[in-house]
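# Structural features, examined
Below are the chains, spelled out letter by letter.
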Amino acid sequence: MTERNNLYPIFLKTSNLHILIVGGGNVAEEKLTFLTKSSPDANVAIVSPEFAKGTVELAENHNVQLITDVYDKKYLTGMHIVIATTDKPAVNVQVYEDCRAMDKLINVADNPPYCDFYMGGIVTKGNVKIAISTNGKSPTTAKRLRQFFEEVIPEDINQMVLNLNSYRKTLKGNFGQKVEKMNEVTQMLLTTKAKMGNE
Ligand SMILES: C[C@@]1(CC(=O)O)C2=NC(=C\c3[nH]c(c(CCC(=O)O)c3CC(=O)O)Cc3[nH]c(c(CC(=O)O)c3CCC(=O)O)/C=C3\N/C(=C\2)[C@@H](CCC(=O)O)[C@]3(C)CC(=O)O)/[C@H]1CCC(=O)O
Ligand SMILES: NC(=O)c1ccc[n+]([C@@H]2O[C@H](COP(=O)([O-])OP(=O)(O)OC[C@H]3O[C@@H](n4cnc5c(N)ncnc54)[C@H](O)[C@@H]3O)[C@@H](O)[C@H]2O)c1
């Protein structure tokens, strides 16, 4: 059987959580850039002896605390999710082991065997969000798919979501009847797609 992606995507309320990034170089900045692009209200701390200029700017504009220090296990206290990005493989492995011992989710950036989860390519259009994973096999593909969907999904997809949300509130009846009605009014989306496919 061909390989398939068994990862389970979830959509985290990052403002309710505490995320720690260890290291403040290029990789940390890339991860922080995409994290804050998707979740501008994310609650983040970064511990590193040095921070890149772009990281300091991102921190000023978001809920990001910069801690100027080398990694120590004490910084894991209160953290739910940890991303290790230092240029010292031994430090990254130490962070990984400390996190496993404390049941915290850990991602050693760019190092799949040391990841409990992967960062994904993310497309946001209003209330709609799509997360893309290649199972860790090709980050470049995740990036290209993200760019493709950012281009082709119309901004007004959010209007459709809001309209359907309002329409649902006007419906009477039990849950089953509502589901049936919601499916009925959105049926044409599939029909349109089928028609387009046949052209
Ligand atoms: C999606 C994205 C999200 C983000 O970073 O937030 C992300 N990587 C992105 C870009 C990117 N990263 C790299 C390149 C250069 C191309 C290349 O070298 O192949 C590019 C492309 C570019 O920059 O053009 C380097 C790289 N990355 C990983 C490895 C190791 C390996 O592949 O084995 C190496 C080689 C390091 C080395 O040389 O040693 C591994 C991971 N990178 C992941 C996520 C996870 C898997 C996601 C998935 O399932 O697809 C995973 C497994 C772990 C993780 O880091 O979470 C973000 C695009 C965001 C966007 O544009 O929207
Ligand atoms: N930059 C890339 O695109 C890229 C691609 C593939 C792999 N990598 C690898 O990823 C790693 C990180 O790359 P980078 O470009 O971000 O490196 P970098 O040198 O820009 O950043 C490393 C950061 O880790 C910090 N650091 C060092 N020791 C620390 C400690 N004990 N505690 C906390 N922070 C500490 C440094 O102060 C620095 O901010 C490297 O091993 C690199 O080989 C990087």
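Given the structure is predicted, the values throughout are model-derived calculations rather than measurements.

Here is what the cut-offs are and how they apply
- Residues numbered from 1 in each chain as written.
- Chains lettered and ligands numbered in written order.
- Predicted model: local features only at pLDDT ≥ 70, side-chain atom pairs only at ≥ 80, totals over all residues.
- Helix = DSSP H or I, 4+ residues; strand = E, 2+ residues; numbered from the N terminus.
- Buried ≥ 20, exposed ≤ 12 C-beta atoms within 10 Å, placed from the backbone.
- Contact = placed C-beta atoms within 7 Å.
- Pairing = 2+ DSSP bridges.
- Near = placed C-beta within 6 Å.
- Nonpolar A, V, L, I, M, F, W, Y, C, P; charged D, E, K, R; others polar.
- Axes fitted to C-alpha atoms, helices over the stretch in contact; angles between N-to-C directions.
- pLDDT = per-residue confidence, 0-100.
- Expected span 1.5 Å × (residues − 1).
- Arc of directions from axis to C-beta.

Looking only at helices and strands, one finds six helices and seven strands in the chain. Listed N to C, the secondary structure of the chain is β-α-β-α-β-β-α-β-β-β-α-α-α in terms of helices and strands. Over its C-alpha atoms, taken along the principal directions, the chain stretches across nearly 55 × 40 × 35 Å. Put simply, the chain has 199 residues, and 21% of those count as buried. Residue pairs at least 24 apart in sequence account for 53% of intrachain contacts in the chain once pairs closer than 6 positions are excluded.

Before going further, it helps to examine the pairing of strand E7 (residues 128-132). In this sheet, E7 lies alongside strand E6 (residues 121-125) in antiparallel orientation, the contact comprising five bridges. Directly across from Val 123, in E7, lies its bridge partner Ile 130. As consecutive antiparallel partners, E6 and E7 are separated by two residues, and within that stretch Gly 126 has a phi angle of approximately 60 degrees, a positive value.

Around ligand 1, a shell composed of 22 residues is seen, among which Met 119, Thr 134, Gly 136, Pro 139 and Lys 143 lie nearest. Breaking the shell around ligand 1 down by element, the ones donating at least two residues are helix H1 (26-38) and helix H4 (139-152). Counting residues per element, the shell around ligand 1 draws most heavily on H4, which supplies five residues. Considering only residue class, the shell around ligand 1 consists of eight nonpolar, nine polar and five charged.

Attention now moves to the sheet that holds strand E2 (residues 44-48). Consider a sheet: its strands pair through backbone hydrogen bonds, and that pairing is either parallel or antiparallel. Read across the open sheet, the five strands follow the order E3-E2-E1-E4-E5; overall the sheet is parallel. Where the open sheet ends on each side, the last strands, each with one partner, are strand E3 (64-68) and strand E5 (105-108). Averaged over neighbouring strand pairs, the angle between their axes works out to 15 degrees when direction is ignored. As paired elements, strand E1 (residues 19-22) and E2 share four bridges and run parallel to each other. In the strand pairing of E2, Leu 20 is matched with Ala 45.

Taken together, 19 residues surround ligand 2, and among them Gly 23, Gly 25, Asn 26, Val 27 and Tyr 71 come closest. For the shell around ligand 2, the secondary-structure elements that each account for two or more residues are H1 and E2. Element by element, the count of residues in the shell around ligand 2 is highest for H1, at three residues. Grouping the amino acids of the shell around ligand 2 by side-chain chemistry returns eight nonpolar, seven polar and four charged.

Attention now moves to the confidence of the model for the chain. Across the chain, the average pLDDT comes to 94, with 95% of residues at or above 70. Model confidence for the complex: the whole-complex pTM is 0.92, and ipTM, which rates the interface, is 0.95.

Our focus in this paragraph is H1. Helix length check: H1, at 13 residues, gives a terminal C-alpha distance of 19 Å against a target of 18 Å (1.5 Å per residue), a fit within 8%. Looking only at H1, the buried set comprises Ala 28, Glu 29, Lys 31, Leu 32 and Leu 35. Down the axis of H1, the buried set is contained in an arc of 165 degrees. They therefore lie on one face. Check the buried side of H1 and you find it contacts E1, E2, helix H2 (53-61) and strand E4 (81-84).

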